[in-house]
Amino acid sequence: MERDFRQVAQSWLDGNYDPETKCKIIELRNSDPAGFEDAFYRNLEFGTGGLRGIMGVGTNRMNRYTVGMATQGLSNYLKKKYPGEKLSVCISFDSRNNSKEFAKITADVLSANGIHVFIYDNLRPIALLSYAVRAKKANAGIMITASHNPKEYNGYKVFWSDGAQVTSPVDKEIVEEVNAISDPSMVKFESADECGGIESMGHEMDNAYMNDVLTLMLSPESRARHADLKIVYTPIHGSGVRIVPEILKRLGFEKVYHVPAQDVSDGNFPTVMSPNPEESSALAMAMEVADREGADIVMGTDPDADRLGIAVRDNDGKLVIFTGNQTASMLTYYILRRWSELGKIDPTKYVVKTIVTTELIRAIAEKYGVKVYNVLTGFKYIADIVKRNEGTGEFICGGEESYGFNVGQFVRDKDAPISCAMVAECAAWAADQGKTLYQLMQDIYSEFGYYKESLTSLVRKGKAGVAEIAGIMSDMRNNPPKEMAGSPVVKVVDYEKPEETGLPKSNVLQFFNAEGDVVSVRPSGTEPKIKFYFGARGNDADGKIEKLRAQFVKQ
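Small disclaimer: the values here were computed from a predicted structure and weren't measured. (Residues numbered from 1 in each chain as written. Predicted model: local features only at pLDDT ≥ 70, side-chain atom pairs only at ≥ 80, totals over all residues. Heavy atoms only, no water.)

Draft legend 1. View of the overall build of the protein chain. Secondary structure summary: the protein chain contains 19 helices and 21 strands in total. The principal-axis extents of the C-alpha atoms in the protein chain amount to approximately 70 × 55 × 50 Å. The 555 residues of the protein chain split such that 59% are buried. For the protein chain, restricting intrachain contacts to residue pairs at least 6 apart in sequence, the fraction spanning at least 24 positions comes to 69%. Accessible surface, the protein chain: about 22500 Å² in total, of which carbon and sulfur atoms supply 48%. With 66 positive and 75 negative side-chain charges, the protein chain shows a separation of 1 Å between the mean positions of the two kinds. (Helix = DSSP H or I, 4+ residues; strand = E, 2+ residues; numbered from the N terminus. Buried < 20%, exposed > 50% of the residue type's maximum accessible area, 1.4 Å probe, protein only. Contact = heavy atoms within 4.5 Å. Areas by Shrake-Rupley, 256 points an atom, 1.4 Å probe, with all protein chains shown as cover. Lys, Arg positive; Asp, Glu negative; His and termini not counted. Charge placed at Lys NZ, Arg CZ, Asp CG, Glu CD.)

What follows is the structure in structure tokens.
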């Protein structure tokens with residue numbers, strides 16, 4: 001039965017909510033009827049990765065009450081899961097508006113429930129949260145971030161004791177406990193009987209993380225010979241602002257240029273339309289600095305510094321932006337080639353990619369005799385493979401098309417700081433071969449064949465958008481295409497059928513044609529979008545991508 005959003009809103013006006021919240025509810029009701037409905041027509045869903053939504057008043061928004069309720073549910077779950085044990089949770093946050101406040105509320109609720117809290121003294125990348133969970137042997141971790149989403153959003157990511165975002169069955173069990181918290185009055189903010197204590201983390205943890213990153217590097221001689229490599233780095237107002245430049249400095253790179261306006265940690269992201277390095281405009285200011293300084297590489301990370309976008313010089317000296325697939329393929333090639341040259345590869349080593357990520361990674365891994373795991377979209381599934389193989393296999397590296405990559409086992413999520421370090425070292429190594437990163441990528445295509453990938457997203461906001469996206473997925477399940485880009489469809493994979501895929505159930509469809517081209521379709525788990533991933537192979541791949549897009553994407 002559909003609930004009456006007006007009654008829900010009235011319960012907030014009549015309830016024990018702060019006066020500012022009540023004033024904003026009245027203002028929203030009077031000035032924006034559609035926004036008023038969207039704010040109260042449902043509860044903000046605590047999904048298998050946590051919360052993510054627009055900030056504001058209401059049950060369908062990120063605010064102090066929804067954050068408090070989520071934390072109470074998580075606290076209840078931890079106490080049931082580990083009865084009688086001394087519990088601890090690590091917390092980090094990024095530069096988004098209200099992130100620090102939400103982190104403090106989270107810490108207060110955990111402590112009031114008798115859970116010890118380790119919280120960073122200031123904003124930190126998501127990699128530092130994952131690292132701290134493992135270093136502190138904590139039961140869980142929480143990152144306050146909406147990653148690369150627009151400025152209106154914030155979120156709440158839950159990590160488990162292995163330093164990875166929670167997966168089944170833990171994720172679903174946490175969701176049940178969170179959903180049981182039906183009212184903010186059920187949240188503990190103070191407790192006379194229990195106090196877990198709150199402990200600050202800072203530079204000591206940063207240093208431990210950076211020292212471990214240095215152990216993963218592969219070409220110290222190349223770095224020494226090319227310490228004058230010119231690099232522009234921008235955190236795009238986010239949490240990589242201190243860590244990334246410091247890592248590059250420790251690696252010996254002497255000429256790292258900043259974008260001063262974007263070094264300012266500001267949740268309004270005032271210099272960009274979107275703080276997402278997947279969008280070329282997010283790197284525009286950094287590219288201007290690079291042209292002014294004659295820099296070789298541009299690097300940009302998103303607010304929680306889990307995604308990395310790069311731009312490199314082409315054969316005409318013009319800066320061109322790599323896709324996430326290109327960066328992941330290039331780094332996989334560099335790392336596997338160096339591991340091979342150093343005699344480090346054996347049958348226990350492996351790499352991981354997601355199902356929507358380029359098959360070029362598989363081709364590279366097969367050349368070097370390294371096993372490849374193919375997992376669902378989301379880095380938590382890459383981390384789950386690492387966990388499952390502990391003691392029997394070693395994770396070399398892994399990536400996904402959405403600008404996420406990681407190396408080694410210290411961190412169990414996308415790690416843009418270490419990706420920056422690897423890109424810089426790869427550039428120095430390529431320079432030893434007399435090549436740029438652009439030329440290295442062309443060499444990879446020459447050896448393994450040309451692969452082209454593209455992503456198109458349709459934004460469908462609000463209640464009506466949710467229904468429209470569901471309709472698109474239903475239609476494609478019931479009426480799959482017979483051909484793609486002039487080639488017959490030979491395989492359809494529905495990831496809602498785990499008995500056929502061998503993977504957890506997921507709302508994803510994939511279509512393959514006889515030429516090896518692939519189209520993957522999935523609703524976003526974090527934004528009001530449906531995503532179409534296109535992959536084509538061969539010299540005519542660019543043209544085939546356009547044909548596939550025209551066939552599948554109906555505006």
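Draft legend 2. Geometry of the pairing of strand S3 (residues 116-120). The buried fraction of S3 amounts to 5 of the 5 residues, a majority that puts the element mostly inside the structure. Of the two faces of S3, both are covered, the one formed by His 116, Phe 118 and Tyr 120 as well as the one formed by Val 117 and Ile 119. The handedness of the strand S2 (residues 88-93) to S3 crossover, carried by helix H5 (residues 99-112), is right-handed. Here S3 pairs with strand S6 (residues 198-201) via 4 bridges, running parallel. The partner of Ile 119 across the bridge, within S6, is Ser 200. (Right-handed = clockwise from strand over helix to strand, strands pointing away. Pairing = 2+ DSSP bridges.)

Draft legend 3. Expanded view of the sheet that holds S2. Pairing within the open sheet is mixed, and its 6 strands lie in the order S1-S5-S4-S2-S3-S6. A single partner strand is all that each edge strand has here, and the edge strands are strand S1 (50-54) and S6. The sheet shows a mean angle of 20 degrees between the axes of neighbouring strands, direction not considered. Packed on one face of the sheet, helix H4 (residues 64-81) meets S1, S2, strand S4 (140-144) and strand S5 (153-160) and runs near 5 degrees to S5. (Axes fitted to C-alpha atoms, helices over the stretch in contact; angles between N-to-C directions.)

Draft legend 4. Looking closely at the pattern of salt bridges. In the structure shown here, the tally under the stated rule is 38 salt bridges. For Asp 121, the salt bridge goes to Arg 124, with nearest N and O atoms at 3.0 Å. For Arg 124, a relative accessible area of 2% puts it in the buried group. Residues Arg 477 and Asp 494 are paired through a salt bridge, measuring 2.9 Å at the closest nitrogen-oxygen approach. Here Arg 477 is found in helix H17 (residues 462-478), whereas its partner Asp 494 is found in strand S18 (residues 487-494), with 17 residues between them in sequence. The class of Arg 477 is partly exposed, set by a relative accessible area of 24%. The exposure class assigned to Asp 494 is buried, which follows from its relative accessible area of 12%. Residues joined by salt bridges that share partners form a network here, namely Lys 157, Asp 304, Asp 306, Glu 400 and Lys 414. (Salt bridge = Lys/Arg side-chain N within 4 Å of Asp/Glu carboxyl O.)

Draft legend 5. How the structure looks around the side chain of Ser 222. In this structure, Ser 222 sits in helix H9 (residues 220-225). Among residues more than four places away in sequence, those in contact with Ser 222 are Ala 428, Trp 429 and Asp 432.

Draft legend 6. Up close: the nonpolar core. Membership of the largest hydrophobic core comes to 77 residues, with the highest contact counts inside it found for Tyr 209, Met 299, Met 330, Ile 335, Leu 437, Leu 440 and Ile 444. With 12 residues, helix H15 (residues 416-432) is the single largest residue contributor to this core. Not counting the four nearest positions on each side in its chain, Met 299 is found in contact with Ile 231, Val 232, Tyr 233, Thr 234, Leu 308, Gly 309, Ile 310, Cys 420, Val 423 and Ala 424. Listed in part, the 39 residues of the second largest apolar core include Phe 46, Phe 102, Tyr 156 and Val 175. (Core = buried A, V, L, I, M, F, W, Y, C linked by side-chain atoms within 4.5 Å.)

Draft legend 7. How the structure looks around the side chain of Ser 92. As for its position among the elements, Ser 92 is in strand S2. A distance of 3.4 Å separates the side chain of Ser 92 from the backbone oxygen of Arg 124, its partner in a polar contact. Contacts of Ser 92, omitting those with residues within four sequence positions, involve Tyr 120, Arg 124, Pro 125, Leu 129, Ile 142, Met 143 and Ile 144. (Polar contact = N/O pair within 3.5 Å; in protein donor to acceptor, adjacent residues only side chain to side chain.)

Draft legend 8. Seen up close, the sheet that holds strand S13 (residues 371-375). Spatial ordering of the open sheet is given by S13-S12-S14-S15, a layout of 4 strands whose pairing is mixed. Every interior strand has two partners, whereas the edge strands, S13 and strand S15 (404-407), have only one. Strand-to-strand twist across the sheet, computed as the mean angle between neighbouring axes with direction ignored, equals 20 degrees. In this sheet, S15 lies alongside strand S14 (residues 394-400) in antiparallel orientation, the contact comprising 4 bridges. Its bridge partner lying in S15, Gly 398 is registered against Asn 406. Of the strands in this sheet, strand S12 (349-354), S14 and S15 touch helix H12 (residues 324-341), which is tilted by about 160 degrees from S14. Packed on one face of the sheet, helix H14 (residues 379-388) meets S12, S13, S14 and S15 and runs near 170 degrees to S14.

Draft legend 9. Here's a closer look at the environment of Lys 136. Mapped onto the elements of the fold, Lys 136 is located in the loop between helix H6 (126-135) and S4. Sequence separation between Lys 136 and Trp 160 is 24 residues; the distance between their C-alpha atoms is 12 Å. Beyond its immediate sequence surroundings of up to four residues, Lys 136 is in contact with Cys 90, Phe 118, Met 201 and Met 205.

Draft legend 10. Representation of unusual backbone geometry. For the bond from Ser 168 to Pro 169, the omega torsion is 5 degrees, close enough to zero to count as cis. Among the secondary structure elements, Pro 169 is positioned in the loop between S5 and helix H7 (170-179). Non-glycine residue Asn 98 carries a positive phi angle of around 75 degrees. With respect to the secondary-structure elements, Asn 98 resides in the loop between S2 and H5.

Draft legend 11. Highlighting helix H3 (residues 33-40). Along H3, the positions that sit buried rather than exposed are Gly 35, Phe 36, Asp 38, Ala 39 and Phe 40. Packed against the buried residues of H3 are helix H1 (5-14), helix H2 (19-31) and H17.

Draft legend 12. Layout of the packing of H6 against helix H8 (residues 203-214). It is at 10 Å that the axes of H6 and H8 come closest, and there the two elements cross at 95 degrees. One way to sum up the angle between H6 and H8 is to call them roughly perpendicular. Contacts from Ala 127, Leu 128, Tyr 131, Ala 132 and Ala 135 in H6 reach Met 205, Asp 206, Ala 208, Tyr 209 and Asp 212 in H8. Along the lines of polarity and charge, the residues of the contact of H6 with H8 split into 8 nonpolar, no polar and 2 charged. (Parallel < 35°, antiparallel > 145°, perpendicular 65-115°, else oblique. Nonpolar A, V, L, I, M, F, W, Y, C, P; charged D, E, K, R; others polar.)

Draft legend 13. Here's a closer look at the pairing of S15. Here S15 shows no split at all, with Gly 404 and Asn 406 on one side and Phe 405 and Val 407 on the other all buried. Hairpin geometry of S14 and S15 is characterised by an intervening segment of 3 residues between the two adjacent antiparallel strands and by a positive phi of about 70 degrees at Tyr 403.

Draft legend 14. Quick look at the environment of Pro 528. For Pro 528, the location among the structural elements is in the loop between strand S20 (518-523) and strand S21 (529-537). Between the C-alpha atom of Pro 528 and that of Thr 66, which follows or precedes it by 462 residues, the distance is 19 Å. Setting aside chain neighbours within four positions, we find Pro 528 in contact with Tyr 153, Leu 458, Val 459, Arg 460, Lys 461 and Ile 469.

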